Each structure stands twice: as C-alpha cells, then as structure tokens.
Amino acid sequence: MDFTALNANTKTGAASNTGASSPTGTSAQETSDRFLKLLVAQLQNQDPMNPMDNAAVTTQMAQIQTVTGVSTLNSSIQGLASQFGQMQALQSVSLVGREVTVPGDKVNVADGKATLNFDLGSAADSVKLEVLNGAGAVISTQDLGKMKSGMQSYTWDASKAAETTGLSYRVTASSGGTAVTATTLMRDTVRAVNTSGSTLQLELKNSGLVDYDKVRALG
C-alpha cells in the first residue's frame, strides 16, 4: 500500500466533500484513521500465498506516525506560544505607572534642565547634539566630542532657552569621516497595556502606543 497514494486519495475525497471538513485536506488524525482502516482491510484480504512484505508495512506505519507526530508538535508549539504571550501580558501590567526608555526625540524640561539619551551603534570621534524648537529650527548645539558605543546621556541646561515646550533633538555622529548610527531615546511613563492586537503594546503618556519590544530600559 502506497502512503503517497493514500494522501492523494484522501485529499481528493476531502476536496469533493461539501460538509464541515476542510476543502483542501484532512487532519493528520483523519489521515491516520483512513490509513489504518485500509491497512486492516488489505491484511484481511491478502493472498495467503503471497503475503504483504513486512518491511513495507513497517515503513508506511512509520510514515503515518511521523505525520501524526508533526501535527501534535505543531499544536504543542502553538499552545506554548499562546501561554508565553499571556505571561508576557501579565508581567507587563507591573510596568503601569513606571518610566521606560524608548526610541523618541521629544525634550522634556524639568526645573530648567532636560536629560537627553541616545544610543550609538559604534564608537565615534565626533558627536553633535542639536535641540530644535517646534518649527524645526536649531536653538542649541552641543559638541560632545568622542564617545564610546552604547547608551549615552547628556543633561541640557534649558534655563536660558527662549522656548521649553514642543522641543525635539537630534544626534549626529561620525568616526573617521564615516557616519555612525545614533538613535535618540526618551523616557516616558506607562499608562496602560494594550493586548488587543497581535503584538503586545504599551500606552505611554507622551509617545502613545509603542511595541513592548521597543523598550530599551526600565525605571
């Protein structure tokens, strides 16, 4: 009995069935049941003078077990993924009310100062930080010189700035004349957790909805 032919027959039967079963194929369990029924029927009606080859039967039974095993494994993985998502959502609830660091360029001035964070992709021999007003004009430029790779922090003195609201900032860096990736970061407060979509998101006070995996630091 050819297992490949069995699969083809099973799919053909399923395609012609207009009932509740899928029009493109049957489940691994249904395929296994059909295989075993056909195998039993063939054993019952075989020629006793020319019995089926034991090796062929064993091989085909191993094939059907593999199909069933893969189906079971897929179901188990999907179950684990669902449980992981639920656990992640429960853990993220503890972030409500806490501060997180996420990609962003807004400047929050408090007591005449603003802490500006950024992440350098590699070491740089020249780093420049610029603060812009709401119209996009540069109102302050700071040459920070050489800096190592990774997360950096700079405290900007805004006490003499004409504007302290609606500000943003940008960082440009280079090494030996080659541009270095610089990602501006900002601290924000978690107001709620959104689990309605396929991706877990945090609702932040100033940044709105941000994917959970964008969080660079907590607290």
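This text follows the structure it describes.
No experiment lies behind these values; they were computed from the predicted model shown. (Residues numbered from 1 in each chain as written. Predicted model: local features only at pLDDT ≥ 70, side-chain atom pairs only at ≥ 80, totals over all residues. Heavy atoms only, no water.)

A.B. asks: Quick question: what am I supposed to make of the pattern of salt bridges here?
C.D. replies: Pairs can form between side chains of opposite charge whenever their charged atoms are close. Per the counting criterion, the structure on display carries 4 salt bridges. Here Arg187 makes a salt bridge to Glu99, at a shortest N to O gap of 2.7 Å. On the criterion of sequence distance, the pair formed by Arg187 in strand β8 (residues 182-194) and Glu99 in strand β1 (residues 99-103) is long-range, its members being 88 residues apart. On the basis of relative accessible area, Arg187 is assigned to the partly exposed category, the value being 34%. As a salt-bridge pair, Glu130 and Lys128 come within 3.9 Å of each other at their nearest N and O atoms. For Glu130, a relative accessible area of 10% puts it in the buried group. Residue Lys128 is classed as partly exposed on the basis of its relative accessible area of 30%. (Salt bridge = Lys/Arg side-chain N within 4 Å of Asp/Glu carboxyl O. Helix = DSSP H or I, 4+ residues; strand = E, 2+ residues; numbered from the N terminus. Buried < 20%, exposed > 50% of the residue type's maximum accessible area, 1.4 Å probe, protein only.)

A.B. asks: I would appreciate a short explanation of the pairing of strand β9 (residues 201-204) in the present structure.
C.D. replies: Side-chain positions along a regular strand alternate between the two faces of the sheet. By the alternation rule, side chains of β9 split into Leu202 and Leu204, which are all buried, and Gln201 and Glu203, of which none is buried. As paired strands, β8 and β9 are joined by 4 bridges and run antiparallel to one another. Bridged to Ala192 within β9 is Glu203. Hairpin remark: β9 followed by strand β10 (residues 208-211), antiparallel, with 3 residues in the connecting loop. (Pairing = 2+ DSSP bridges.)

A.B. asks: Would you mind showing me how to read the pairing of strand β3 (residues 126-132) here?
C.D. replies: Along β3, 5 of the 7 residues are buried, which leaves the element largely enclosed by surrounding structure. Here 5 bridges tie β3 to strand β4 (residues 138-143), and the two strands are oriented antiparallel to one another. Counterpart to Leu129 in the pairing with β4 is Gln142. Here β3 folds back onto β4 in antiparallel fashion, the turn holding 5 residues, of which Gly136 has a positive phi close to 90°.

A.B. asks: So what exactly am I meant to see when it comes to the layout of surface pockets here?
C.D. replies: The gaps left among the atoms become clear once a water-sized probe is rolled over them. By volume, the largest pocket is sized at about 290 Å³. Around the largest pocket, the lining comprises 18 residues; the ones closest to its centre are Glu99, Asn108, Thr115, Arg187 and Asp188. Broken down by secondary-structure element, the contributors of at least two residues to the lining of the largest pocket are β2 (113-120) and β8. Residue composition of the lining of the largest pocket, grouped by class: 7 nonpolar, 5 polar and 6 charged. (1 Å grid on protein atoms, 1.4 Å probe; cavity = no way out; pocket = protein on both sides within 12 Å on 5 of 7 lines; lining within 4 Å. Points joined across faces, edges and corners; volume = space filled by probe spheres on them. Nonpolar A, V, L, I, M, F, W, Y, C, P; charged D, E, K, R; others polar.)

On their own, these measurements won't tell you what the molecule is for.
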